[in-house]
Amino acid sequence: VQLVESGGGLVQAGGSLRLSCAASGFPFSTYSMSWVRQAPGKGLEWVSGIGAGGSITYADPVKGRFTISRDNAKNTVYLQMTSLKPDDTAVYYCHTYANLRNVWGQGTQVTVSS
């Protein structure tokens, strides 16, 4: 079971980025997926989730700015981030619960400059 994130980088405030998370080793289409972030010096913060059936939820700080989606044919979940703010600076992790355990990717750094 593996999750591999990509797409992070340095962007100015107001800019956009799209994160990708490629999954392998489990039946991706039947699992809920989430994005979680960790800002410098802070704990983990849940950002967004998408269910196997397509139900979507967002944390309040990102509502209206972030969009989660999934492509089951590509075993990939995405996080489109727009109107980025310096407070969005964090390592972004992809997460699922598969094979009776939490599974995390290695994370991708997003840095938003003011």
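Computed from a predicted model, the values in this text were never measured in an experiment.

**Q** Just give me the short version of the overall build of the chain, but keep the residues and values in it.
**A** Regarding its fold elements, the chain presents zero helices and 11 strands. Relative to the compact-globule value of 13 Å for 114 residues, the chain shows a C-alpha radius of gyration of 13 Å, a close match. By principal-axis analysis of the C-alpha atoms, the chain measures approximately 40 × 25 × 20 Å. Buried positions account for 43% of the 114 residues belonging to the chain. Long-range pairs, those at least 24 residues apart, make up 53% of the contacts in the chain between residues at least 6 apart in sequence. Counting every atom, the chain has about 5,700 Å² of accessible surface; 50% of that belongs to carbon and sulfur. One finds the centroid of the 9 positive side-chain charges in the chain at a distance of 3 Å from the centroid of its 6 negative side-chain charges.

**Q** Requested: an account of unusual backbone geometry, with residues and values cited.
**A** Leaving glycine out, the prevailing phi sign among residues is negative, and the prevailing peptide bond configuration is trans. Of note in this structure, Asn75 is not a glycine but carries a positive phi near 50 degrees. Note on placement: Asn75 falls in the loop between β7 (66-71) and β8 (76-81). On the basis of relative accessible area, Asn75 is assigned to the partly exposed category, the value being 27%. Positioned with a positive phi, Ser83 is a non-glycine residue whose angle comes to about 50 degrees. With respect to the helices, strands and loops of the structure, Ser83 is situated in the loop between β8 and β9 (90-98).

**Q** Go over the side chain of Thr89, please, and point to the residues and values.
**A** Checked against the element boundaries, Thr89 lands in the loop between β8 and β9. For Thr89, a relative accessible area of 14% gives the class buried. One polar contact links the side chain of Thr89 to the main-chain amide nitrogen of Val112, over a distance of 2.9 Å. In this structure Thr89 touches Ala39, Pro40, Gln109, Val110, Thr111 and Val112, once residues within four positions along its chain are discounted.

**Q** Any details on the state of the cysteines? Residues and values, ideally.
**A** The tally for this structure, following the rule as stated, stands at one disulfide. Covalent S-S linkage joins Cys21 and Cys94, the inter-sulfur distance amounting to 2.1 Å. Measuring handedness by torsion sign, the sulfur bridge of Cys21 and Cys94 sits at about -85 degrees and is left-handed. Taken together, the residues Cys21 in strand β3 (residues 17-24) and Cys94 in strand β9 connect sequence positions 73 residues apart. As far as burial versus exposure is concerned, Cys21 and Cys94 are alike and both buried.

**Q** Describe the pattern of salt bridges, naming the residues involved and giving the relevant values.
**A** Counted under the stated rule, the structure contains four salt bridges. Here Arg37 ties to Asp88 by a salt bridge, and the two come within 3.0 Å at their closest N and O atoms. Of this pair, Arg37 sits in strand β4 (residues 33-38) while Asp88 sits in the loop between β8 and β9; the two residues are 51 residues apart in sequence, bridging distant segments of the chain. For Arg37, a relative accessible area of 5% gives the class buried. Via salt bridges that share partners, Arg37, Glu45, Arg65 and Asp88 belong to a single interconnected network.

Conventions used here
- Residues numbered from 1 in each chain as written.
- Predicted model: local features only at pLDDT ≥ 70, side-chain atom pairs only at ≥ 80, totals over all residues.
- Heavy atoms only, no water.
- Helix = DSSP H or I, 4+ residues; strand = E, 2+ residues; numbered from the N terminus.
- Rg over C-alpha atoms; globule rule 2.2 N^0.38 Å.
- Buried < 20%, exposed > 50% of the residue type's maximum accessible area, 1.4 Å probe, protein only.
- Contact = heavy atoms within 4.5 Å.
- Areas by Shrake-Rupley, 256 points an atom, 1.4 Å probe, with all protein chains shown as cover.
- Lys, Arg positive; Asp, Glu negative; His and termini not counted.
- Charge placed at Lys NZ, Arg CZ, Asp CG, Glu CD.
- Polar contact = N/O pair within 3.5 Å; in protein donor to acceptor, adjacent residues only side chain to side chain.
- Disulfide = S-S within 2.5 Å.
- Salt bridge = Lys/Arg side-chain N within 4 Å of Asp/Glu carboxyl O.

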